[in-house]
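Residues per chain, in single letters:
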Amino acid sequence: MARRLGTSITETARLVVCSRSAVVGIHAKWINDGDTSSRRQGVGRPRVIKEKGRRRLSRLVKQNRRQTVAELIAQYNAGPSASVSEHTVHGTKLDMGLCSRRPTRVALLTKLRLQWTREHRGWTMDEWKRVAWSDESRFLIHHVDGRVRVRSLPGEQLLPSCAAGHTQAGGGVIMLWGTFSWAAMLPVFVVEQTMKAANYLNIIADQLHPYMAFVFPTGNGIFQQDNAPCHKARIVLEWFEEHTDEFHLMSWPPNSPDLNPMEHIWDVMERQLRDQTPPCPIISILRDRCLVIWCKLSPVLYQKLVASMPRRVAALLKAKGGATRY
């Protein structure tokens, strides 16, 4: 992606921390073969859940999208197939694209989404590079925070079976607030309390304000936030109004996580957390691991996400404001 965007070989090598010769070789292989893998055919451990088992797993998920991994494993192992572990089922779900997401609470307001798309479909990459993206997300010790998760393929978030339902209790949780742009990521901020308007105002004044002044010194930056109640509070909007000469606030369509590249940052972090062993026993360790993962996120990752915005807009336009695979 860096080479496609015109980044030099030397700069690309610095971004991904490897030699210039490696960049040249890998990029050439990608151009010629469409792949960078050097793995020989048939090498590696065979899949435990084969194609027939994957189809069965997909049917079980769609029968009840709110069931836990333990419940899903119990159902799967009750069949004629060989018994499988939680790790195998979780990895197979991710490979199949059956991600676990918070359910959509209301139908997407397609008219407003379509209007936003038409306003931004002509944006160039230089304009997208001026946007600082933001979002909050919860991270859990036991993957249960009193919110139901549903498993869905891309574009299935609005199905009735994926709608919001009752919650379940338990599990330690922390909330993180983060922002990034093409140029840099702001250090992630741990929200110690419930995100109310006053808390959010402190964050944007103490964290966001100096970041925007540093990254966009000419005052041409654009800040994105969703329509959470604390974001739309009067004291918050008045603060943004007072700083319009330093950066602008982007209008944002309601219920549009598929447009916000920050969602992918959270997904990457959650996958890395789940892959770590042993699991986080206490909140302080969970917080430290989240901070370490955030600090190690590659510039190639978030620049690739910014570069995806024209495709996201095109996909939303094609869907006439409906759900997209993003």
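Before reading further, recall that the structure is shown in the block above.
These numbers were taken from a predicted model, which means no experiment stands behind them.

Trainee: Give a description of helix H13 (residues 309-318) that names residues and reports values.
Mentor: All buried positions along H13 are accounted for by Met309, Arg312, Val313 and Leu316. Each buried residue of H13 sits inside an arc of 95° when the element is viewed along its axis, so together they form one side. As for H13, its buried residues are in contact with helix H6 (110-120), helix H7 (125-128), strand E2 (131-140), helix H10 (262-275) and helix H12 (299-307). Lys320, located one to two residues past H13, shows a positive phi value of around 55°.

Trainee: Explain the packing of aromatic side chains to me, using residue names and the numbers behind them.
Mentor: The relation between two aromatic rings is expressed through the spacing of the ring centres and the mutual angle of the planes. Evaluation of the coordinates by the stated rule reveals twelve aromatic pairs. Here the aromatic rings of Trp266 and Trp294 are separated by 5.9 Å at their centres, their planes lie at 35°, and the arrangement is tilted. Of this pair, Trp266 sits in helix H10 while Trp294 sits in helix H11 (residues 283-295), placing them 28 residues apart in sequence. Residue Trp294 is classed as buried on the basis of its relative accessible area, which comes to 4%. The ring of Trp182 has Lys129 sitting right over it, with the charged end atom 4.4 Å from the ring centre.

Trainee: Any details on the sheet that holds strand E6 (residues 221-223)? Residues and values, ideally.
Mentor: Within the open sheet, the five strands sit side by side as E5-E4-E2-E6-E7. Their pairing is mixed. The two strands at the open ends of the sheet, each matched to only one other strand, are strand E5 (189-191) and strand E7 (247-249). When the angles between neighbouring strand axes are averaged without regard to direction, this sheet yields 30°. Relative to E6, E2 runs parallel, the two sharing two bridges. Within E6, the position partnered with Val131 by the bridge is Ile222.

What counts and how
- Residues numbered from 1 in each chain as written.
- Predicted model: local features only at pLDDT ≥ 70, side-chain atom pairs only at ≥ 80, totals over all residues.
- Heavy atoms only, no water.
- Buried < 20%, exposed > 50% of the residue type's maximum accessible area, 1.4 Å probe, protein only.
- Helix = DSSP H or I, 4+ residues; strand = E, 2+ residues; numbered from the N terminus.
- Arc of directions from axis to C-beta.
- Contact = heavy atoms within 4.5 Å.
- Phe/Tyr/Trp six-rings, centres within 6.5 Å; stacked < 30°, edge-to-face > 60°.
- Lys NZ or Arg CZ within 6 Å of the ring centre and 35° of its normal.
- Pairing = 2+ DSSP bridges.
- Axes fitted to C-alpha atoms, helices over the stretch in contact; angles between N-to-C directions.

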